[in-house]
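# Structure at a glance
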Amino acid sequence: MGGKIKDFDEITSFLGDYGPFQILIIVLFSLSAIPCGYMGVLAVFVSDTPEHHCKVSISSSRNGTDVELPFRERSSWIGPDSCSRYKVDGNWSETVLLSNETEQCLDGWVYSTERYTATIVSEWDLVCDNAWKVPFSTSSFFVGVLIGSFISGHLSDRFGRKPVFFFTMVLQTVATLIQATSVSWVMFSILNCLRGLGQISNYIVSLVLGSEMLSQSARVSYTFLGHSLGFGIGYALLPLFAYFIRGWRMLLVATAIPGFLFIPTWWLIPESPRWLLQKGRVEEAELVIRNAAKRNRVPVPEVIFRAGECLELMINILFKHAVFHLYSVLILYFCRMSVAMVFYGLSLNTSNVNGNVYLNCFISAAIDIMVYVASWLLVNRVPRPTLLFSTLMFCGITLLIIRLLPEGLMGVSSAYCLIYVFFTELIPTVVRNMGLGIASTAARIGTIICPYVIYIGVYSKMLPYIVFGTISIMAAVVSMLLPDTRNGKLPSLISQAKPIRGYVTISPSCMWMCEL
């Protein structure tokens with residue numbers, strides 16, 4: 001084969017790490033993650049169940065008209081619970097005569113407006129026999145995330161990262177705006193599914209597109225201090241939006257508007273040069289690099305990608321379905337599913353924690369932001385599997401034994417952003433977006449289930465903690481089998497992907513012969 005074949009990072013090292021081009025990419029994609037941060041947890045406020053009791057209309061003896069009793073916080077005199085009421089004997093007078101018999105809320109419900117002017121629950125009476133529709137509508141969002149995770153990788157590997165990034169940004173924004181006009185719970189749930197599809201697709205593609213244009217050191221900073229921090233800031237903005245906008249329809253409109261601000265960035269964000277090379281579009285890849293060098297004001301070699309180097313960088317399509325090790329993939333997918341389930345489970349459960357829901361949600365987001373910064377400080381000093389094991393085990397113990405929600409969220413937040421770094425560094429370029437998409441598909445199985453795990457908390461508040469804590473500990477144990485990718489370069493070839501510990505790697509020369 002001759003001399004040593006350079007990889008993409010070596011070829012483009014003349015660009016530097018943090019020039020104006022790299023800073024622009026980091027800033028734009030970090031800002032794009034802000035809407036993704038609050039879109040995933042909008043249900044905390046949009047689908048929250050206000051205090052409520054049966055609507056009671058009693059005939060007035062004075063004028064024969066019906067008088068609707070107003071909402072009262074201590075409403076036990078109206079009925080033994082919020083789904084039934086005492087039958088009324090007699091007419092409205094100074095004393096209301098109540099029988100010992102109960103009946104269903106035949107006239108509907110009255111909802112407290114102390115916290116919200118309206119949610120989907122009060123809008124469509126999603127309580128009592130219809131209470132199952134609330135977690136179902138939240139799960140429909142994650143069904144969309146499941147579909148988006150599966151198809152976005154295939155689409156971006158086939159048509160490019162850039163067009164899929166902008167298409168999913170528009171899809172997420174438009175679906176949210178239309179959802180604000182929903183006339184029924186069914187329409188709301190369908191649009192929730194589309195919103196979830198756009199949210200995860202946009203998040204994954206922006207992570208991959210940004211990572212593929214940055215060097216190794218800039219890539220780690222981008223993932224933790226840029227992309228993940230943008231996600232955390234978006235999460236923190238949600239309770240501020242919700243505090244000032246108490247109606248669910250206007251809240252959706254307000255959260256959709258920022259998406260339109262990113263449309264002009266089409267002319268600033270280039271296509272991934274790695275993806276262009278994999279497709280044989282060498283001239284376009286060179287143009288991206290030359291434009292980046294011009295922005296950074298650095299000299300450019302006359303020929304950036306030589307013929308022999310391009311041959312090595314372009315992987316045969318035959319290997320698109322040859323995932324390096326089945327066991328490694330299964331471990332990665334299980335960890336991804338577990339982390340996503342626990343992260344969203346704890347985030348969505350903030351409305352059920354004692355205290356002010358807005359403050360709880362903001363504290364949860366603030367913990368995320370602090371954890372992302374702390375993880376960035378540790379990620380290049382501690383082996384990746386050790387760090388992932390420690391954060392998941394910490395989360396599991398605090399939930400299972402001590403049942404501390406903020407501390408548990410702290411552990412899983414670190415694991416949540418760390419696992420994206422892990423996946424980006426483990427999966428080769430040609431199948432990176434597809435691999436991340438499939439991993440997110442596995443994760444959505446967990447997120448679809450998590451609203452129901454939260455729902456079983458009405459029977460015992462300990463059950464959600466037991467489920468989430470056990471899953472965290474299981475994921476922590478198997479994560480120790482993953483290889484350490486610290487200070488490594490993004491693999492371009494299947495042969496460069498690291499297997500799990502204890503397995504022998506196929507030599508690059510053997511893989512090269514297979515590729516030919």
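The protein chain is annotated in an unreviewed UniProt entry as Solute carrier family 22 member 5-like of Seriola lalandi dorsalis. The Subcellular location (unreviewed entry) comment attached to the protein chain in UniProt states, word for word, "Membrane".

This brings us to the overall build of the protein chain. When helices and strands are counted, the protein chain shows 19 helices and six strands. Expressed as a percentage of its 516 residues, the buried residues of the protein chain come to 56%. Long-range pairs, those at least 24 residues apart, make up 78% of the contacts in the protein chain with a sequence separation of at least 6. If you sum the accessible surface of the protein chain, you get close to 21900 Å²; carbon and sulfur atoms cover 65% of it.

Taken together, the side chains of Ile397, Leu400, Ile401, Tyr455, Tyr459, Met462, Leu463 and Ile466 make up a nonpolar region of the molecular surface, amounting to roughly 750 Å² of accessible area. Mapped by element, the contributors of at least two residues to the nonpolar patch are helix H15 (384–402) and helix H18 (462–479). Within the element layout of this structure, Ile401 appears in helix H15. Exposure remark for Ile401: the relative accessible area of 64% places this residue in the exposed category.

What follows covers unusual backbone geometry. Of note, the phi angle at Cys128 is positive, near 55°, even though the residue is not glycine. Residue placement: Cys128 occurs in the loop between helix H4 (120–124) and helix H5 (133–159). Judged by its relative accessible area of 24%, Cys128 is partly exposed. The residue Arg297 is not glycine, and still its phi comes out positive at about 60°. Relative to the helices and strands, Arg297 is located in the loop between helix H11 (282–296) and helix H12 (307–313).

Moving on, we come to the pattern of salt bridges. Counted by the stated rule, this structure contains six salt bridges. Among the ionic pairs, Arg281 bridges to Glu284, the shortest N-O distance being 2.8 Å. Put simply, Arg290 and Glu286 hold a salt bridge, and the shortest N to O gap is 3.5 Å. Of this pair, Arg290 and Glu286 are both found in helix H11, four residues apart, which corresponds to roughly one turn of the helix. We classify Glu286 as buried; its relative accessible area is 15%.

About the cut-offs
- Residues numbered from 1 in each chain as written.
- Predicted model: local features only at pLDDT ≥ 70, side-chain atom pairs only at ≥ 80, totals over all residues.
- Heavy atoms only, no water.
- UniProt positions renumbered as here; feature names shortened; annotations may be inferred.
- Helix = DSSP H or I, 4+ residues; strand = E, 2+ residues; numbered from the N terminus.
- Buried < 20%, exposed > 50% of the residue type's maximum accessible area, 1.4 Å probe, protein only.
- Contact = heavy atoms within 4.5 Å.
- Areas by Shrake-Rupley, 256 points an atom, 1.4 Å probe, with all protein chains shown as cover.
- Patch = residues over 30% accessible without salt bridge, like charges linked within 9 Å, V, L, I, M, F, W, Y side chains within 5 Å.
- Salt bridge = Lys/Arg side-chain N within 4 Å of Asp/Glu carboxyl O.

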